[in-house]
Each structure stands twice: as C-alpha cells, then as structure tokens.
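The lines below spell out each chain.
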Amino acid sequence: MRILVTGGAGFLGSHLCDRLLAEGHDVIAMDNLITGSTDNIAHLASNRRFQFIHHDVTNYIYLKGPLDAILHFASPASPIDYLELPIQTLKVGSLGTHNALGLALAKGTRFLLASTSEVYGDPMVHPQQETYWGNVNPIGPRGVYDEAKRFAEAMTMAYHRSHGVDTRIVRIFNTYGPRMRLSDGRVVPNFVGQALRQEPLTVYGEGKQTRSFCYASDLVDGIYRLLLSDENEPVNIGNPAELTIHDFAQVINELTGNPAGIRFEPLPVDDPKQRQPDITKARRILGWEPKVDLRTGMTQTVEWFRNQLAVKD
Ligand code: UDP
C-alpha cells in the first residue's frame, strides 16, 4: 500500500512509519513540526519508500498519485502542548480531520483516525468500554483536545455514513516509549527526566489518580491490526495494567536508583481521576493484547532518555 501518515514526525506517527515500512508499504509522513521533529524520522531519510512533506493539515492537502490509506495522527497530544496551543489543537482535530477525510474520499482510500481515551473525559464508568459516552467539560482547559477529538470521531462517522469512506477509529490510552519529547510535560518524560537528573519527581495532587501505560510497539501493533480489520466503530487500544501516579513515581525512582524521592504539586484542572481501557473488543476482533509490561518498557524508555540527555550535555 501507499500510505499517508499525518503527524508522521511525532512520537507515535514516527513509530507507525517504521512499522508500515517494515511491512513493505510506501509511506508519506506529513507534519507541520509544531510538536513533532525531523529527529524522529531522520533514520528514514535514505529509504526510497519513504517521503516527508512539511505541511500543516489544517490547510488543504494536495497529494499527487494513488493512495491506499491515511492514518490521521496529527495533533498536539500532551496536556502542556494543547494548553499552549489551544486553537491549533481545535483546528487540527476539526479542519485537519475534514481535510484528511476529504483526501480519503477523493482518492478512495481507507482512513484511520487517532482518537483518544480523553473522549471519555473524567470517566464515571470504570474501566472504560467503547460504549461509554464520556464525561467531558467542554469549556475547561482540556476541552480543546477532548472536544476536537470527539468532533473528529463524529466527522469520521459522518464521512463513513454519508460518503461510504472506509473508516477506522482507534481510541489510544496513555502510551510511552522512545521519542517522547523530554519537555512535552507528560508524566513519563517528566518523571524520567527528573529521575535521571536526581531531582524529586513532581507528583500532581496526592498522586491517587490512576493511569494505565502502554508501550509504543504494542500500541502500533494494535493500530496496524485495526487498519487491516473491517471494524468501523471505535476500538480502545491500551494496556489495562492500572496504577496510581504515586505508585508509578516509586517504580521510576526504583528503576533509576533516584534517591531524591517525590515532591507534591497542584493537580491540573479537570485531570481525570481514573483511567483504564477495557480491551475486550480489541482482544475479540483483532486478536490483540499488549505484550510489554511496565518495567520492561520503562527500562528501555529510561535508556533512551539517558542517551538523549547525554547528547545534550
Ligand atoms: N502528572 C504528574 N506529574 C507530572 C506530570 C503529570 O503527577 O509531572 C500526572 C497528571 O496529573 C495525570 C497523570 O500524571 O494525572 C498523567 O498525566 P499526563 O500529562 O502524562 O497525561 P494525561 O493522562 O493526563 O493525559
């Protein structure tokens, strides 16, 4: 297949490009580089089946030649990023998704939307199944991301129902691994950066809120299976192993031998109290489940961040 990955220079987008190339496909990565980086795809520069286009998908997307699939991954994805870029976040979820769907319709391609567990907001149902409609504050600071993604899902289903576009929607839960930006503000880069500098880890609130972390290679595998499936309705992909942020901090300090402990900071507005994917559907229809446990994945991630910091020093 010839496949377009929007956000292809981002953390997940670039891992997807690697996987798609390894599967023998031709890949075009498109990115405006506001949160992505060419560092993530530099190793692909000499690959003749790979092409990078510097473009902001909130503007009309022009692409020459046939196309078989579009994976729409362009968007700021960290709370810090979308608080700094609220309008860009809303625009890429709305206008960007519209443009990408328009291209899918024009070229007759399959379309896969990167959606998110944030569509469930601060969930009243636990663990979260795809049938849950969510609990989102539309006017809160996080609303720019949550509502953009909810709109993107609605737009994707509308193109599917009205225009017959062959669509997929993946709801991605917290994911981590190499190529996360050290400064992106999410808990994994924050904690690992702090631990490697032997600083106390900044636990927000009392650290009682929970998350469930999925390693990037597991996530990409689930997404690739979904792309090849015929499921048009949303599918959760994530690792159901749930833990509190306080316990997560202990794991990081233990893995890195950081003696500095933790430090409490205020909880951000609308921070979800609990999050765990119900992956019954992914197991059933994709035969997928995560394979990499937290300690294994975090050990590799810590190693990657250690090298990043060494390069910067
Ligand atoms: N968090 C924290 N310390 C940090 C960064 C994040 O305690 O330095 C918490 C945050 O409040 C949230 C969880 O870790 O409860 C995950 O935050 P992240 O920004 O990674 O993603 P989210 O799941 O909130 O989108």
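Look a little higher up for the structure.
Fair warning: this is a prediction, and the values are worked out from it, not measured in the lab.

Enquirer: Please explain the packing of aromatic side chains as it appears in this structure.
Expert: Geometry of an aromatic ring pair is reported as the spacing of the ring centres plus the angle between the planes. One pass over the structure, following the stated rule, counts 8 aromatic pairs. Between Tyr82 and Tyr145 the ring centres are 4.4 Å apart and the planes differ by 5°, which places this aromatic pair in the stacked class. Separated by 63 residues along the polypeptide, Tyr82 in helix α2 (residues 79–84) and Tyr145 in helix α4 (residues 143–163) bring together distant segments of the chain. A relative accessible area of 1% places Tyr82 in the buried class. Note on Phe213 and Phe248: the rings are 4.4 Å apart at their centroids and 25° apart in plane angle, and the pair reads as stacked. Of this pair, Phe213 sits in the loop between β9 (210–212) and β10 (214–215) while Phe248 sits in helix α7 (residues 245–256), and the two are 35 residues apart along the sequence. A connected cluster of aromatic rings, assembled from ring pairs, spans Tyr176, Phe191, Phe213, Tyr215 and Phe248.

Enquirer: How do you make sense of the layout of surface pockets when you look at a structure like this?
Expert: The probe, sized like a water molecule, is rolled over the atoms to show the empty space still left. For the second largest pocket, the calculated volume is near 440 Å³. The wall of the second largest pocket is formed by 18 residues, among which Glu130, Thr131, Tyr132, Arg171 and Pro234 lie closest to the centre. For the lining of the second largest pocket, the secondary-structure elements that each account for two or more residues are α4 and α8 (280–286). Among the elements that line the lining of the second largest pocket, the one with the most residues is α4, at 5 residues. Of the residues that constitute the lining of the second largest pocket, the class distribution is 6 nonpolar, 3 polar and 9 charged.

Enquirer: What is the right way to look at the site of the ligand in this model?
Expert: Looking at the ligand, there are 18 residues lining it, with Asn174, Thr202, Tyr204, Arg211 and Asp271 nearest. One of the backbone nitrogen or oxygen atoms of Val187 is found 2.8 Å away from an oxygen atom of the ligand. At 2.5 Å, a backbone N or O of Thr202 approaches a nitrogen atom of the ligand. Within the complex, 95% of the 520 Å² of free accessible area of the ligand lies under protein.

Enquirer: I'm lost on the pattern of salt bridges in this one. Help?
Expert: A side chain with one charge can pair with a side chain of the opposite charge if their charged atoms come near. Counted under the stated rule, the structure contains 22 salt bridges. Put simply, Glu118 and Arg142 hold a salt bridge, and the shortest N to O gap is 2.7 Å. Of this pair, Glu118 sits in the loop between β5 (110–116) and α4 while Arg142 sits in the loop between β5 and α4, placing them 24 residues apart in sequence. An identical accessibility class is assigned to Glu118 and Arg142; each is buried. Salt bridges sharing partners connect three or more residues here, namely Glu118, Arg142, Arg211, Asp271 and Arg275.

Reading the values: the criteria
- Residues numbered from 1 in each chain as written.
- Predicted model: local features only at pLDDT ≥ 70, side-chain atom pairs only at ≥ 80, totals over all residues.
- Heavy atoms only, no water.
- Phe/Tyr/Trp six-rings, centres within 6.5 Å; stacked < 30°, edge-to-face > 60°.
- Helix = DSSP H or I, 4+ residues; strand = E, 2+ residues; numbered from the N terminus.
- Buried < 20%, exposed > 50% of the residue type's maximum accessible area, 1.4 Å probe, protein only.
- 1 Å grid on protein atoms, 1.4 Å probe; cavity = no way out; pocket = protein on both sides within 12 Å on 5 of 7 lines; lining within 4 Å.
- Points joined across faces, edges and corners; volume = space filled by probe spheres on them.
- Nonpolar A, V, L, I, M, F, W, Y, C, P; charged D, E, K, R; others polar.
- Near = heavy atom within 4 Å.
- Polar contact = N/O pair within 3.5 Å; in protein donor to acceptor, adjacent residues only side chain to side chain.
- Areas by Shrake-Rupley, 256 points an atom, 1.4 Å probe, with all protein chains shown as cover.
- Salt bridge = Lys/Arg side-chain N within 4 Å of Asp/Glu carboxyl O.

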